[in-house]
Amino acid sequence: MAVKVYGKPQAVCPQRVMHCLVEKGVPFEFVLVDIDAMEHKRPEYMEKHPFGQVPFIADGDFELFESRAIVRYFASKYADRGPNLLGRTAEERAKVEQWLDVEAITYSPCAFSIVFNLFLLPIRGLPGNKGEAVASMEKLDKILEVYEKQLARTKYLAGDEFTLADLTHIPVTRYLVEHCGLAYLLDDKPHAKAWWEDVSSRPAWKKLMSFVASGASFYAP
Amino acid sequence: MGSVTVYGPPISTAVSRVLACLQEKDVDFKLVNVDMAKGQHKSPDYLKLQPFGQVPAFQDEHATLFESRAICRYICDKYANRGNQSLLGRSGGGPAERAQVEQWLEAESQSFNPPSSVLVFQLAFAPRMGLPQDPAAIELNQAKLARVLDVYERRLGESRFLAGDEFSLADLAHLPNAHHIFAARKDDMFASRKNVARWWEEISTRPSWKKVVDMYSAAPPA
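Residues numbered from 1 in each chain as written. Chains lettered and ligands numbered in written order. Predicted model: local features only at pLDDT ≥ 70, side-chain atom pairs only at ≥ 80, totals over all residues. Heavy atoms only, no water.

**Some thoughts on unusual backbone geometry**
Note the cut-off: Each helix is a run of H or I in the DSSP string that is no shorter than four residues. Each strand is a run of E no shorter than two, and both are numbered from the N terminus. A 1.4 Å probe rolled over the protein chains alone gives each residue an accessible area, and that area as a share of the maximum for its type sets the label: buried under 20%, exposed over 50%, partly exposed in between.
Geometrically, the link from Val 54 of chain A to Pro 55 of chain A is a cis peptide bond, its omega value of 5° lying close to zero. Residue position: Pro 55 of chain A is located in the loop between helix H2 (43–48) and strand E3 (56–59). Omega for the peptide link from Val 55 of chain B to Pro 56 of chain B comes to 5°, which places this bond in the cis form. Among the structural elements, Pro 56 of chain B can be located in the loop between helix H2 (44–49) and strand E3 (57–59). Even without a glycine there, the phi angle at Met 38 of chain A is positive, about 60°. One can find Met 38 of chain A in the loop between strand E2 (28–32) and H2. Judged by its relative accessible area of 47%, Met 38 of chain A is partly exposed. A positive phi is found at Glu 67 of chain B, a non-glycine position, where the angle reads about 75°.

**Details of the interface of chain A and chain B**
Going by this rule: Note on definitions: a residue-residue contact is assigned when non-hydrogen atoms from the two residues lie within 4.5 Å. When two parts are put together, the accessible area they lose, computed with a 1.4 Å probe and summed over both, is reported as buried area. Salt bridges are counted wherever a side-chain nitrogen of Lys or Arg sits within 4 Å of a carboxyl oxygen of Asp or Glu.
Taken together, the 32 residues of chain A in the interface contact 32 residues of chain B. Here chain A packs against chain B, burying approximately 2700 Å² in sum over the two surfaces, 63% of which is carbon and sulfur. Ranking the residues of chain A by area buried against chain B places Phe 51, Glu 91 and Gln 98 of chain A at the top, with a combined share of 21%. Notably, a salt bridge pairs Glu 106 of chain B with Arg 72 of chain A, separated by 2.8 Å at the nearest N-O pair. Going through the elements one at a time, H2, strand E4 (62–65), helix H3 (67–77), helix H4 (90–123) and helix H5 (130–153) of chain A are the ones with two or more residues in the side of chain A that touches chain B. Looking at which element gives the most residues to the side of chain A that touches chain B, the answer is H4 of chain A, with 13 residues.

**Quick word on the confidence of the model for chain B**
Rule in force here: Each residue gets a pLDDT score, which is the predictor's confidence in that residue and runs from 0 to 100.
Put simply, chain B has an average pLDDT of 94, and 97% of its residues get 70 or more. The complex prediction reports pTM at 0.96, with the ipTM value standing at 0.96.

**Focus: the pairing of E4 of chain A**
Residues and elements named next belong to chain A. Where we set the bar: Here, any two strands with at least 2 DSSP bridges between them count as paired.
Examined bridge by bridge, E3 and E4 share four bridges and lie antiparallel to one another. From the neighbouring strand, Asp 59 faces E4, where its bridge partner is Phe 62. The hairpin turn running from E3 into E4, its antiparallel successor, is two residues long, and Gly 60 in that turn takes a positive phi close to 65°.

**Things to note about the state of the cysteines**
Heads up, the condition is: Here, a disulfide means two cysteine sulfur atoms that sit within 2.5 Å of each other.
A full pass over the atoms with the stated rule returns zero disulfides over all chains. Looking at Cys 180 of chain A, it has no disulfide partner, and the nearest cysteine sulfur is the one in Cys 110 of chain A, 12 Å off. Between Cys 72 of chain B, a cysteine without a disulfide, and Cys 21 of chain B, which holds the nearest cysteine sulfur, the sulfur-to-sulfur distance is 4.1 Å.

**Observations regarding the nonpolar core**
All names here are of chain B. Counted only if it meets this: Put simply, a nonpolar core is a bunch of buried Ala, Val, Leu, Ile, Met, Phe, Trp, Tyr and Cys residues held in one set by side-chain atoms that sit within 4.5 Å of each other.
Counting 73 residues, the largest nonpolar core has Val 6, Trp 104, Tyr 152, Leu 169 and Phe 190 as the members making the most contacts within it. Per element, the largest residue contribution to this core is 10 residues, and it comes from helix H4 (residues 94–129). Among residues more than four places away in sequence, those in contact with Phe 190 are Phe 112, Leu 145, Leu 149, Ala 178, Ile 181, Phe 182, Val 196 and Ala 197.

**Here we look at the sheet that holds strand E2 (residues 30–32) of chain B**
Residue and element names in this part refer to chain B. Note the threshold: Helix axes are fitted only over the stretch in contact, all axes being lines through C-alpha atoms; the angle between N-to-C directions runs from 0 to 180 degrees.
Sheet architecture is open: four strands sit in the order E2-E1-E3-E4, paired in mixed fashion. Each of the sheet's edge strands pairs with one partner strand only, and the pair in question is E2 and strand E4 (64–66). Direction aside, the axes of adjacent strands within the sheet are offset by 20° on average.

**Here we look at helix H9 (residues 194–204) of chain B**
Residues and elements named next belong to chain B. Operational definition: This arc corresponds to the set of directions leading from the helix axis out to the C-beta atoms.
Those residues of H9 that sit buried are Asn 195, Val 196, Trp 199, Trp 200, Ile 203 and Ser 204. Projection of H9 onto a plane perpendicular to its axis shows the buried side chains occupying an angular sector of 140°, all on one side. Exposed residues pointing more than 90 degrees away from the buried face of H9 are listed as Lys 194 and Glu 201. Where H9 is buried, its residues contact helix H5 (135–158), helix H6 (169–172), helix H7 (175–183), helix H8 (188–191) and helix H10 (207–217).

**A word on the packing of aromatic side chains**
Test applied: Each pair of aromatic rings taken from Phe, Tyr and Trp, with Trp reduced to its six-membered ring, is defined by centres within 6.5 Å and is described as stacked if the planes are under 30 degrees apart, edge-to-face if over 60, and tilted in the remaining cases. Remark: a charge is flagged as sitting over a ring if the NZ atom of Lys or the CZ atom of Arg is within 6 Å of the ring centre and within 35 degrees of the ring normal.
Summed over the entire model, instances satisfying the criterion amount to 26 aromatic pairs over all chains. Summarising the aromatic geometry, the rings of Phe 52 of chain B and Phe 66 of chain B are spaced 6.1 Å apart at their centres and angled 70° between planes, so their arrangement reads as edge-to-face. Here Phe 52 of chain B, found in the loop between H2 and E3, pairs with Phe 66 of chain B, found in strand E4; they are 14 residues apart in sequence, far enough to count as distant. Across the pair, Phe 66 of chain B and Phe 52 of chain B agree in class, each one buried. Between Tyr 152 of chain B and Trp 199 of chain B the ring centres are 6.0 Å apart and the planes differ by 85°, which places this aromatic pair in the edge-to-face class. Highlighted residues: Tyr 152 of chain B in helix H5 and Trp 199 of chain B in helix H9, separated in sequence by 47 residues. Assigned by exposure class, Tyr 152 of chain B and Trp 199 of chain B land together as buried. Feature note: the residues Phe 51 and Phe 65 of chain A together with Trp 104, Phe 112, Tyr 152 and Trp 199 of chain B constitute an aromatic cluster, connected by ring pairs. Taking the ring centre of Tyr 175 of chain A as reference, the NZ or CZ of Arg 174 of chain A above it sits at 4.7 Å.

The structure is reproduced here in structure tokens:
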């Protein structure tokens, strides 16, 4: 039975999960949850996901929420196929976990504030909070300076191989670069810029973007 | 063994998250204070350990790490045979067992931590630092936290701990923020939810947590 991923395909957190499955060559069925119609807050959905968020996955009888728990699960379950996304030793895994948490707690809240105010609200015809967006952009610039220092030492965030720590950054960063005009933040950070160009050119990511654009429900590797 | 060092003031919620894990795992450690009032966390030497200038930082003979939950996961993996061996799921449980812990640890980090951190700052640290409290921020974040605790109330009616029947890293991660909210006597939202109250009583009375709380009142090491 194929993995089912519930969510909206354009949304950042479901894309994280789908990208991981594509990297690992795992087929899945995408089940649309209409966030715009508040379907994720309806009782039927909240039976599955008590916080009323996306994504939610079902792997046979096994169900899970929180995109970063889900990608850890699939990276671990399919450790023997595709790229090694979790490191090979306890120390390597710890570096992956460290940068995963930086993404979750420091990078993404800042990035989301920008995307929310400069893109998501305006496309709904609502005013974004420019002041909040600018403050977040300044914060993001400082965060990226730390990333630049790390990426001057290692090719990817946790070491010299692409891991979950890089993967979880990609969906929201694409929004920053393609929809919020923030590519310029990388101009004075050559290593971070090279890293972004590398990770966003990965064949699995490009395959996912095509899948999302196609509106298809079933992904087969 | 004997080579673990944690950097940061023990009263910091993120630092004490790591200390709680070390106590659960029976791993000896040295605690080196970082005087944040004096800006020590932004010194060039400290930034080598933690480039974002936050606490804690962690070192053993194999790794230098930051991010409290990543450090906790490493301690559980690296010192797998010591102390409590089911913090990341029961051994032999495989990816699905660990994933349940990860799910609720992410819920703590993404849903519980943001509003409870604001409350901890407003209720416990601002008064201590002589800073004015912000009643609007307190009200807003109490409302957000109440919604999270409603989810926990339902979950903890189905299972003894968040990830299942065993105490795990997912429960442990909640200890520091909840402790300060209780200490500030703003614990009504925990006490008024029967399952949450039962869970809190159980996790906060663990000997490992009591050892961490005892460190709050001890003088910081030089």
